[in-house]
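Each chain is listed here by its residues.
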Amino acid sequence: RRQRQMCIRDSYAGVKKSGQARSINREKLNFKTLKQELIDRGSLRKAVYQKYQALLKIRIQEKAFHPSGEQQVIDVGDSVFAVIRTSLDRSEQIIALQNVTGESQEVDIAQFLAEWSGSTPWIDLISANELKSPTLALSPYQSVWLRNSK
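Now for a quick tour of the structure. (Residues numbered from 1 in each chain as written. Predicted model: local features only at pLDDT ≥ 70, side-chain atom pairs only at ≥ 80, totals over all residues. Heavy atoms only, no water.)

### Examining the overall build of the protein chain
Then, in step 1: Broken down by element type, the protein chain carries five helices and seven strands.
Then, in step 2: When the helices and strands of the protein chain are placed in sequence order, the string is α-α-α-α-β-β-β-β-α-β-β-β.
Then, in step 3: For the protein chain, the proportion of its 150 residues judged to be buried stands at 33%.
Then, in step 4: Long-range contacts, defined here as pairs at least 24 residues apart, represent 49% of the contacts in the protein chain between residues at least 6 apart.
Then, in step 5: Surface summary for the protein chain: the accessible area is close to 10300 Å², and the carbon and sulfur share equals 50%. (Helix = DSSP H or I, 4+ residues; strand = E, 2+ residues; numbered from the N terminus. Buried < 20%, exposed > 50% of the residue type's maximum accessible area, 1.4 Å probe, protein only. Contact = heavy atoms within 4.5 Å. Areas by Shrake-Rupley, 256 points an atom, 1.4 Å probe, with all protein chains shown as cover.)

### A word on the environment of Tyr 141
Then, in step 1: As for its position among the elements, Tyr 141 is in the loop between strand S6 (135-138) and strand S7 (143-148).
Then, in step 2: Tyr 141 gets classed as partly exposed once you look at its relative accessible area, which sits at 32%.
Then, in step 3: Residues Tyr 141 and Val 100, spaced 41 residues apart in sequence, show a C-alpha to C-alpha distance of 5.3 Å.

Shown next, in the form of structure tokens:
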């Protein structure tokens, strides 16, 4: 499952030992083992770490992700969480969408794109793909960060 590929493995041993269901996501890591897994090309932890690094690099580069920038939650349905981020100088907006389900979702964001885009194409900063239509097909648990191309 896609969700499993992008997260830490469940700690069934932790649940059994503690008797607490929440222990499933609280695996105790050995530093030496973790360090080796971050070096190993085929490890899940390295893949997750590299993806996090890439996302953080994007966030640092984009003015709309400034911590004091404006953020507006938009309603695109129960299955997708969506926010519009605006830079402090209001020169840049990013529409961030997150499919929060294990099912594919279709989202129409035309009303939000029209407010800012004019004829400027929108780019997903995560995949670098240009938005061809205001209707997005989101895979299970997929995130997109849409910005006007500069």
